[in-house]
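# Summary of structural features
Chain by chain, the residues:
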Amino acid sequence: MTFVSTNPFDDDKLHEECGIFGIYGTPDAAAHTALGLHALQHRGQEASGIVSYDGTRFNSHRAMGHVGANFGQPKVIQGLPGDAAIGHNRYSTSGDTVLRNVQPIYADLAFGGIAVAHNGNLTNAYAVRSRLVKSGSIFQSTMDTEVITHLIARSEKHHVVDRIVDALKQVEGAYSLVCLTAKKLIGLRDPTGVRPLVLGHLKGAWILASETCALDIIGAEFVRDVEPGELIVIDESGLNSHKPFPPTASRFCIFEYIYFSRPDSIVEGHSVYNARKRIGAELARENGVDADVVIPVPDSGVPAAIGYAAEAKIPFELGIIRNHYIGRTFIEPTDQIRHLGVKLKHNANRVHIEGKRVILVDDSIVRGTTSTKIIEMVREAGAREVHMRIASPPTTHSCFYGVDTPERSKLLAAIHDLEAMRTYIKADSLAFVSMDGLYRAMGQKGRDAAKPQFCDACFSGDYPIPLTDETGGQTSRSVQLSLLAETA
Ligand code: 5GP
Ligand code: MG
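These remarks concern the structure in this document. (Residues numbered from 1 in each chain as written. Chains lettered and ligands numbered in written order. Predicted model: local features only at pLDDT ≥ 70, side-chain atom pairs only at ≥ 80, totals over all residues. Heavy atoms only, no water.)

Quick look at the site of ligand 1 now. Around ligand 1, a shell composed of 18 residues is seen, among which Tyr 91, Asp 363, Arg 367, Gly 368 and Thr 370 lie nearest. Interatomic distance of 2.5 Å between a side-chain N/O atom of Thr 370 and an oxygen atom of ligand 1. Relative to its unbound accessible area of 510 Å², ligand 1 is 96% covered by the protein chains. For the shell around ligand 1, the secondary-structure elements that each account for two or more residues are α8 (255–260) and α12 (369–380). Among the elements that take part in the shell around ligand 1, α8 stands out by supplying three residues, more than any other. (Near = heavy atom within 4 Å. Polar contact = N/O pair within 3.5 Å; in protein donor to acceptor, adjacent residues only side chain to side chain. Areas by Shrake-Rupley, 256 points an atom, 1.4 Å probe, with all protein chains shown as cover. Helix = DSSP H or I, 4+ residues; strand = E, 2+ residues; numbered from the N terminus.)

Moving on, we come to the sheet that holds strand β10 (residues 198–202). Backbone-to-backbone hydrogen bonds pair the strands of a sheet. The strands run either parallel or antiparallel. Overall, antiparallel pairing links the seven strands, which are arranged β4-β3-β5-β2-β11-β10-β12 in an open sheet. Since the sheet does not close on itself, it has two edges, and those belong to β4 (58–64) and β12 (221–225), each with one partner. Put simply, the sheet's adjacent strands are angled 15° from each other on average, direction ignored. Note that strand β2 (residues 19–24) and strand β5 (residues 84–90) share six bridges and pair antiparallel. For Ile 23, the partnering residue across the bridge sits in β5 and is Ala 85. (Pairing = 2+ DSSP bridges. Axes fitted to C-alpha atoms, helices over the stretch in contact; angles between N-to-C directions.)

Below, the discussion takes up the packing of aromatic side chains. Per the counting criterion, the structure on display carries 10 aromatic pairs. Relative to Tyr 106, the ring of Phe 58 has its centre 5.1 Å away and its plane inclined at 50°; by these criteria the two rings are tilted. Remark: Tyr 106 occurs in strand β6 (residues 105–109) and Phe 58 occurs in strand β4; sequence separation between them is 48 residues. Look at Tyr 106 and you get partly exposed, because its relative accessible area is 35%. Taken together, Phe 252, Tyr 257, Tyr 439 and Phe 454 form an aromatic cluster joined through their ring pairs. One Lys or Arg, Arg 129, reaches over the ring of Phe 139 and ends 4.5 Å from the middle of that ring. (Phe/Tyr/Trp six-rings, centres within 6.5 Å; stacked < 30°, edge-to-face > 60°. Buried < 20%, exposed > 50% of the residue type's maximum accessible area, 1.4 Å probe, protein only. Lys NZ or Arg CZ within 6 Å of the ring centre and 35° of its normal.)

The next point concerns the environment of Pro 464. Looking at the element boundaries, Pro 464 is found in the loop between α16 (457–460) and α17 (468–471). Considering only alpha carbons, one finds Pro 464 and Ser 250, 214 residues apart in sequence, at a separation of 9.2 Å. The residues touching Pro 464, leaving out its near neighbours within four places in the chain, are Thr 192, Arg 251, Tyr 401 and Cys 455. (Contact = heavy atoms within 4.5 Å.)

What follows covers the pairing of β6. Here β6 shows a buried face lined by Ile 105, Ala 107 and Leu 109 and an unburied face lined by Tyr 106 and Asp 108. Bridge count between β6 and strand β7 (residues 112–122): five bridges; the pairing is antiparallel. When the bridges of β7 are listed, Ile 105 appears paired with Val 116. Hairpin connection, β6 to β7: the antiparallel pair is bridged by two residues.

Laid out in structure tokens, this is it:
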């Protein structure tokens, strides 16, 4: 047994973007949940879990690894009987990957059991946790989500829904949640609506999921987005919607459109695929360059490159081929491995590169690792010129609302101007879509600085929800907790 000194809310480590799913009213609840999680695998590849309720008790299976590996065996699904279930995919770059940090988290409370799955990140979790620990709470994990179950446990309200609302009024941050009790499936989005959550229906069963692609996989019908600040309760009496929070301007995460959501999902009325194509077209209008071929950095750059090529009237070719048997580069923890990861992942398709003036399109530059490696590879394959075009504005700020971005000092655009970035990645030219161009692609006139439609903090530094832990100096490195190291 070893003790490690680390902090539970390290901004370069434990932030995670996740996928959540819940279903109520079908005998194969866990099997449907496993399929839904499989469709949401892109939102989290580190671990997955399902909790079901069978009328008598809760059943749980949580494991490190992909959904297929964890839930592919019939006997695992048979061990999760019941008509209601929730599930979670976890994504994290954390070294501290232990089973106790895998969701859904489950707690036996005075009123009965509750399982919770969370997508997002709480920005005052450390402050709340410290307060609770001082007054005797014993935490079992290092997850921000656990503060929610503690607050639900301590609430003096009588009904579970009121307890949940009571708990959430004490937390700040971004959250889409699905909760399962013996009688209810509950789903909700934070008042700012940063993270997605949709409602679906399948032959009498109600479904809550991060994205519509999780409805498609089980043939469910997409009913609508859960609204920002909306709490949905599904039980024997059907579906009821509540608006327990004071109205707030909603600010959906624009990075969901740029990168995170699956292209076949429909998010808040926009097809993710078409949004990416429109961003690519804006990029071409704003930052055109004479070239022979437009090549996407697969897979994330593909729709934007299609939009760019069509607008610029330059041929589109798959000049880089991706090996699909390796996960996303970001999940590798060290810089060295991250570099290696990029090489393992992509190869130049020389016939479409040699002797050509190439426009490369990717969705974003974070640390600059991918662009640097890809440009080197494309030059080695004989490109005459390499023009890098990025379908988002420069990522200058970290996300504290649940997307895994490194700390600010590691963001290429936070520490370099455009020319210095171009030199760093060794491109002949480099351009990003403008903030107004991005908003135009989302159907707006441009970014309305007084009332921005989206959360674009990673590009603007305009954080719509207070960063209490950050500004309170409570970031990870300044505070050390002793945590029990476990192997999973
Ligand atoms: P970089 O290599 O510059 O650090 O990161 C840029 C690449 O990472 C892009 O190809 C982009 O598709 C991808 N990317 C951007 N944001 C994220 C993220 O939050 N998670 C993961 N896994 N990849 C990301
Ligand atoms: Mg990418």
